[in-house]
Amino acid sequence: HCLDFAPTAINLLKQDPRFRAAAEEGRATAHVFDLSSMHPSTISTSSSSTNNDKQTTTLANSADVAILLFCLSAIGPHPSAALSRAARHAMDMLKPGGTLVIRDYGR
């Protein structure tokens, strides 16, 4: 699943033929998402079950790995309630024992 704050980034991704093929196969989704104010349970995804019915799930407790690329530095000021919420929401996306990978600016 791809989440980004910028609608333009999500729209560009959805135009990519590789993403479109993966999305058609049910292997990829993309959503505009504000990590500091939206809980992962607000993002619904659909997946096919064995009897071809659609099942709706959310991103909460769904990821083995979550990667935050230059996300936390975009949430300011530091420290803040918004930064604490973003960290909590990132952790809430992970399955028990999941891994959170962060790449960001450092001081």
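Residues numbered from 1 in each chain as written. Predicted model: local features only at pLDDT ≥ 70, side-chain atom pairs only at ≥ 80, totals over all residues. Heavy atoms only, no water.

Turning our eyes to something else, we now look at the overall build of the protein chain. A count of helical and extended segments in the protein chain gives 3 helices and 6 strands. Starting at the N terminus, the α and β elements of the protein chain follow one another as β-α-α-β-β-β-β-α-β. Relative to its 107 residues, the protein chain shows a buried fraction of 28%. Across the protein chain, contacts joining residues at least 24 apart in sequence account for 56% of those joining residues at least 6 apart. (Helix = DSSP H or I, 4+ residues; strand = E, 2+ residues; numbered from the N terminus. Buried < 20%, exposed > 50% of the residue type's maximum accessible area, 1.4 Å probe, protein only. Contact = heavy atoms within 4.5 Å.)

Attention shifts here to the pattern of salt bridges. Across all of its chains, the model carries 3 salt bridges by this definition. Among the ionic pairs, Glu-25 bridges to Arg-27, the shortest N-O distance being 2.6 Å. (Salt bridge = Lys/Arg side-chain N within 4 Å of Asp/Glu carboxyl O.)

Further remarks concern the nonpolar core. Ranked by size, the top nonpolar core spans 12 residues in total: Phe-33, Leu-35, Ile-43, Leu-59, Leu-68, Leu-72, Ile-75, Ala-82, Leu-83, Ala-86, Ala-90 and Met-93. The element best represented in this core is helix α3 (residues 81–93), accounting for 5 residues. Aside from chain neighbours lying at most four places away, what touches Met-93 is Leu-3, Phe-33, Leu-35, Pro-40, Leu-59, Ala-60, Asn-61, Ser-62 and Ala-63. (Core = buried A, V, L, I, M, F, W, Y, C linked by side-chain atoms within 4.5 Å.)

The next subject is helix α2 (residues 17–24). Every α-helical turn comprises 3.6 residues, leaving residues that sit three or four positions apart pointing alike. Where α2 begins, one side-chain oxygen reaches toward the backbone nitrogen of Arg-18, 2.7 Å away; that side chain belongs to Asp-16. Phi for Gly-26, located one or two positions after α2, is positive at around 80°. (Polar contact = N/O pair within 3.5 Å; in protein donor to acceptor, adjacent residues only side chain to side chain.)

Here α3 spans 19 Å end to end across 13 residues, near enough to the 18 Å set by a 1.5 Å rise per residue. Those residues of α3 not exposed but buried are Ala-82, Leu-83, Ala-86, His-89, Ala-90 and Met-93. The arc enclosing the buried residues of α3, seen along the axis, measures out at 125°, which places them on a common side. The inward-facing, buried residues of α3 abut β1 (2–4), β5 (63–69) and β6 (94–103). (Expected span 1.5 Å × (residues − 1). Arc of directions from axis to C-beta.)

By themselves, these are just geometric observations and shouldn't be taken as functional.
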